[in-house]
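The primary structure of each chain is shown beneath.
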Amino acid sequence: MNNPNLNIPVREPAQAGLDDTILPFEIGALDLRGRIVRLGPAVDSILSGHDYPLPVAKLLGEAIVLTVMLGSALKFEGRFILQTQSDGPVRMLVVDFTSPGKVRACARFDAARVAAAIAAGEAEPGQLLGRGHLAMTIDQGADMSRYQGLVPLEGKDLEHAAHEYFLRSEQIPTRVRLAVAEEFRGGENGARRRWRAGGILLQFLPKSADRARQADLDPGDAPPGAEPHSLPEDEAWVEGRSLVATVDDIELIDPDLSSERLAYRLFHERGVRVFRTAPVEAQCSCSRHGVESMLRSFTQQDRDDMVEDGKITVTCEFCSSTYVFAPSDIVPALS
Ligand SMILES: [Zn+2]
């Protein structure tokens with residue numbers, strides 16, 4: 001007899017793609033869990049708003065997808081911040097995700113070096129980043145501890161950094177695919193470019209810890225000449241990561257392929273269960289009040305140095321909103 005309380009999807013997966021959504025899914029038979037993120041207007045409004053050189057915009061788009069996939073796993077109200085700091089033409093990327101679904105992002109780069117990299121055909125994501133590190137910070141708000149994880153950037157892309165992070169810091173076998181592209185659409189005012197982005201994250205989370213064990217990557221303290229310790233990867237994980245490896249960029253950004261249909265296409269033979277989608281939107285958290293408190297925390301000298309034409313002007317690096325204050329507006333807190 002059917003149990004009406006079991007939430008087993010029996011309908012066909014939706015055909016229409018739904019932009020700016022996160023779709024969690026699970027393949028119970030393989031102990032795999034994951035998320036598919038599909039971004040349209042959210043990523044377009046951030047990237048179009050900045051007007052960065054194309055390869056920088058694409059790189060920031062990848063960072064946005066990765067951040068949304070990781071940040072949406074937070075089980076509490078808080079922020080997830082992904083930040084790179086490296087010696088390549090793109091010095092810094094910051095993506096800030098506030099649960100349940102607000103994201104903002106910006107990049108700092110050396111325009112001359114980016115132009116030179118483009119001219120030399122060396123503007124792939126890993127080349128733009130160079131060497132440095134990627135930090136992931138979970139901030140649960142005032143009075144709560146912050147958690148930060150770090151992973152080195154070694155001239156490779158963000159997918160690689162994410163795999164390394166989960167392998168070294170979390171010991172969770174993980175595969176990530178990220179895709180960003182511009183879509184050209186004709187319109188009354190001529191062709192308009194729109195950014196689209198998407199990604200898939202797959203993790204092996206077996207109920208028994210033993211199954212999650214990974215082969216040691218180097219001999220460790222084994223004596224020279226000893227047989228290298230090797231433990232075969234779990235078959236379920238090998239199957240899962242092989243399936244994710246078949247995903248093309250176009251499948252992650254195609255507006256005519258829904259996230260549900262993609263999950264079904266990849267995993268239907270093993271029985272994939274999808275959960276409720278969650279929305280994402282581009283929204284900055286800056287405010288006049290927030291900028292005012294920041295200015296108030298500065299020293300009088302620092303504030304005096306900021307005065308130009310009798311005003312203090314602060315522009316938000318994420319959304320380019322401009323806040324103008326008269327120096328007398330900023331009354332220092334009583335101490
Ligand atoms: Zn802002």
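My aim in this report is to walk through the structure given alongside it, one point at a time. (Residues numbered from 1 in each chain as written. Predicted model: local features only at pLDDT ≥ 70, side-chain atom pairs only at ≥ 80, totals over all residues. Heavy atoms only, no water.)

Turning to the coordination of the zinc ion, a few remarks are in order. With distances of 2.2 to 2.3 Å, the protein atoms coordinating the zinc ion are Cys284 (SG), Cys286 (SG), Cys316 (SG) and Cys319 (SG). Bound by four donor atoms, the zinc ion shows angles of 103 to 113 degrees at the metal and therefore tetrahedral coordination geometry. Here the donor residues of the zinc ion are spaced in sequence according to C-x1-C-x29-C-x2-C. Residue cysteine 286 is located in the loop between strand S12 (281-282) and helix H9 (288-297), and its partner cysteine 319 is located in the loop between strand S14 (311-315) and strand S15 (322-325); the two are separated by 33 residues in the primary sequence. (Donors = N, O, S within 2.8 Å, 3.2 Å for Na, K, Ca; no water. Tetrahedral: all angles 85-135°; square planar, octahedral: opposite > 155°, others 65-115°. Helix = DSSP H or I, 4+ residues; strand = E, 2+ residues; numbered from the N terminus.)

By the secondary structure assignment, glutamate 233 is in the loop between strand S9 (192-204) and helix H6 (235-245). The exposure class of glutamate 233 is partly exposed, given its relative accessible area of 35%. Along the primary structure glutamate 233 and proline 173 are separated by 60 residues, whereas in three dimensions their C-alpha atoms are 9.6 Å apart. Not counting residues up to four positions away in its chain, the partners in contact with glutamate 233 are Val238 and Arg241. Polar side-chain contacts of glutamate 233 include one of 2.5 Å to the side chain of arginine 241. (Buried < 20%, exposed > 50% of the residue type's maximum accessible area, 1.4 Å probe, protein only. Contact = heavy atoms within 4.5 Å. Polar contact = N/O pair within 3.5 Å; in protein donor to acceptor, adjacent residues only side chain to side chain.)

What follows concerns the environment of tyrosine 264. Structurally, the position occupied by tyrosine 264 is in helix H8 (residues 259-267). Sequence separation between tyrosine 264 and valine 274 is 10 residues, and the spatial gap between their C-alpha atoms is 9.0 Å.

Glancing now at the pairing of S9. The element S9 is extensively covered by neighbouring structure, given that 10 of its 13 residues are classed as buried. Taken together, the 12 bridges between strand S8 (residues 174-185) and S9 define a ladder with antiparallel strand orientation. Residue pairing in the sheet places arginine 175 in a bridge with leucine 202 of S9. (Pairing = 2+ DSSP bridges.)

Relative to strand S7 (residues 146-154), strand S6 (residues 131-139) runs antiparallel, the two being bridged by nine bridges. For alanine 135, the partnering residue across the bridge sits in S7 and is leucine 150. Counting the residues between successive antiparallel strands, the hairpin from S6 to S7 contains six residues, one of them, glycine 141, with a positive phi of roughly 100 degrees.

Read these as spatial facts, not as claims about activity.
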